[in-house]
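# Close look at the chain arrangement
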Amino acid sequence: MVWLGGWLKEIIFVVLLAVFVDLLLPNRSFERYVKLVVSLLILLTLLSPVIKLVHGGTSKALETALFQSTDSMLASSADGGSTQQILKQGQELQQKREQDSLEWVGEEVAREMKQQIESQNQVSVDKVEVSLGLRKTDDKKLEHPLNSSMPQPTTDKPVISKVVIYLNGASLEQKSTSLEQNKASSNSIDSKSDAKRNKEEISVPAIKRVEVDVTSVAPVESSKVESEHAPTKQGSEQQASEAIKDHIIEQLINQWGVLQQQIQFVDEAHAK
Amino acid sequence: MEMIQVVGLGLIATILILIIKEQKPIFAFLIATTTGITIFLMLIGKIGSIIDVLDNLAQASGVQMIYLKTILKIIGIAYIAEFGAQIVRDAGQDSIASKIELAGKVLIMVLAIPIIGIIIETVMKLLPV
């Protein structure tokens, strides 16, 4: 049933495009030719289940055929076009490999950080996410890994661009209660909060970098509001957890060279 | 607002051309060409936004992007060929204009070749040998 829906969607979209093209055409002299090509496309779309049945990979074949034809038209020699294609493919492969290795290194660093934080603070951490970006050696601008284009891999070096620490709410609360023993907590802990916006994210405002991610700035207000609305019983616990967080931030800055605004906490204890 | 700008530009250019045509026909041609290019450049941003919308639509509906690419290429070829042919025709060279149109038609047909190939291949495979 799913493929039927997809097929119908495709047909509707192509017919819509065909009508659009018909409207957009500049004059009548091209009309017959354009109509031929567009009707062929519609025919191809209608036939696509049959084509898939007979031999798979229609769009791939079409793409290669189209690009070969246009490339051979554009390039003065057919050789140059194919070489360019191969070079492009090679670059794409290299970028993919770099991305993979960056992700792997990020996981490793995250594991080590998690162990360190747990052993030094007696706080159990759910998960630590580290995202790495590449930084060019000439300019000191930090790049987000998703947006980094990575033009020259030889001059780039990986840096940590963001650290997100998912604190385990139960343990944090235990820790805070052990710090302040007279204040016993009776909060129901919902460590698996589903709503994302309910998560209390505490982030530190930027110091060096001017452009801060909106996601890391916006939640501050919500946390403020929440802390205002929170009963006084939670206030001291929050202070204790803040102290722990400050401690963690300090450790990370000292030992990993992470900037303060790159660290982000996701605390699931007070999410309600 | 843009519409008024475009029409105003066209009217001014037309009047200038009418005035200048008797003395210097070549300048009249230059004015016509420049006006055409200017109007086209004014419209490029709008065309870009339309293409963006189509692109998003295609991505959201999960349609193969190659269809959209092909159709956009067709529109582009048609417009550019039309543009060039009109300018050349304004200059009085009808034969060259028709050659430009021919080139546009051929290039559009070239886009159809892979599609025809796939369809024919499928039909041949479906037929019992």
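Named according to an unreviewed UniProt entry, chain B is Stage III sporulation protein AD originating from Paenibacillus shirakamiensis.

In the nomenclature of an unreviewed UniProt entry, chain A is known as Stage III sporulation protein AF of Paenibacillus shirakamiensis.

On to the nonpolar core. Counting residues in each nonpolar core, the largest one holds 32 residues, and the members touching the most others are Val 34 and Leu 44 of chain A together with Tyr 67 and Ile 108 of chain B. When contributions to this core are tallied by element, the ones reaching two or more residues are helix 1 (2-24) and helix 2 (31-54) of chain A together with helix 2 (25-61), helix 3 (65-90) and helix 4 (94-126) of chain B. Top element by residues in this core is helix 3 of chain B. It accounts for nine residues. Listed in part, the 22 residues of the second largest apolar core include Val 123, Val 128, Leu 252 and Val 258 of chain A.

A separate point is the UniProt feature "transmembrane region" (unreviewed entry) in chain B. UniProt records the feature "transmembrane region" (unreviewed entry) for residues 6-21, 26-45, 65-85 and 106-127 of chain B in the present numbering. Secondary structure over residues 26-45 of chain B splits into 100% helix and 0% strand, and the C-alpha atoms at its two ends are 30 Å apart.

What follows is about the packing of helix 1 of chain A against helix 2 of chain B. Axis separation between helix 1 of chain A and helix 2 of chain B bottoms out at 10 Å; the angle between their running directions is 165 degrees. By the criterion of interaxial angle, the relationship of helix 1 of chain A to helix 2 of chain B is roughly antiparallel. Judged by the twist between their axes, the crossing of helix 1 of chain A over helix 2 of chain B is left-handed. When helix 1 of chain A is examined against helix 2 of chain B, the residues Lys 9, Phe 13, Leu 17 and Phe 20 of chain A are found in contact with a partner set consisting of Ile 50, Leu 54, Leu 57, Ala 58 and Ser 61 of chain B. Taken together, the residues of the contact of helix 1 of chain A with helix 2 of chain B break down into seven nonpolar, one polar and one charged.

On to the packing of helix 2 of chain A against helix 3 of chain B, then. One way to put it is that helix 2 of chain A packs onto helix 3 of chain B with a least axis distance of 11 Å and a crossing angle of 175 degrees. Accordingly, the angle class assigned to the pair helix 2 of chain A and helix 3 of chain B is roughly antiparallel. Of the residues in helix 3 of chain B, those in contact with Val 34, Val 37, Leu 41, Leu 44 and Thr 45 of chain A of helix 2 of chain A are Tyr 67, Thr 70, Ile 71 and Ile 74 of chain B. Of the residues assigned to the contact of helix 2 of chain A with helix 3 of chain B, the class counts are seven nonpolar, two polar and no charged.

All names here are of chain B. Taken as a whole and judged by the stated rule, the model has six salt bridges over all chains. Note that Asp 94 and Arg 89 form a salt bridge whose closest N and O atoms lie 3.6 Å from each other. With relative accessibility at 32%, the residue Arg 89 sits in the partly exposed group. One continuous salt-bridge network, built from bridges that share partners, spans Arg 89, Asp 94 and Glu 101.

Criteria and thresholds
- Residues numbered from 1 in each chain as written.
- Chains lettered and ligands numbered in written order.
- Predicted model: local features only at pLDDT ≥ 70, side-chain atom pairs only at ≥ 80, totals over all residues.
- Heavy atoms only, no water.
- Core = buried A, V, L, I, M, F, W, Y, C linked by side-chain atoms within 4.5 Å.
- Buried < 20%, exposed > 50% of the residue type's maximum accessible area, 1.4 Å probe, protein only.
- Helix = DSSP H or I, 4+ residues; strand = E, 2+ residues; numbered from the N terminus.
- UniProt positions renumbered as here; feature names shortened; annotations may be inferred.
- Axes fitted to C-alpha atoms, helices over the stretch in contact; angles between N-to-C directions.
- Parallel < 35°, antiparallel > 145°, perpendicular 65-115°, else oblique.
- Left-handed = near helix turned anticlockwise from the far one by under 90°.
- Contact = heavy atoms within 4.5 Å.
- Nonpolar A, V, L, I, M, F, W, Y, C, P; charged D, E, K, R; others polar.
- Salt bridge = Lys/Arg side-chain N within 4 Å of Asp/Glu carboxyl O.

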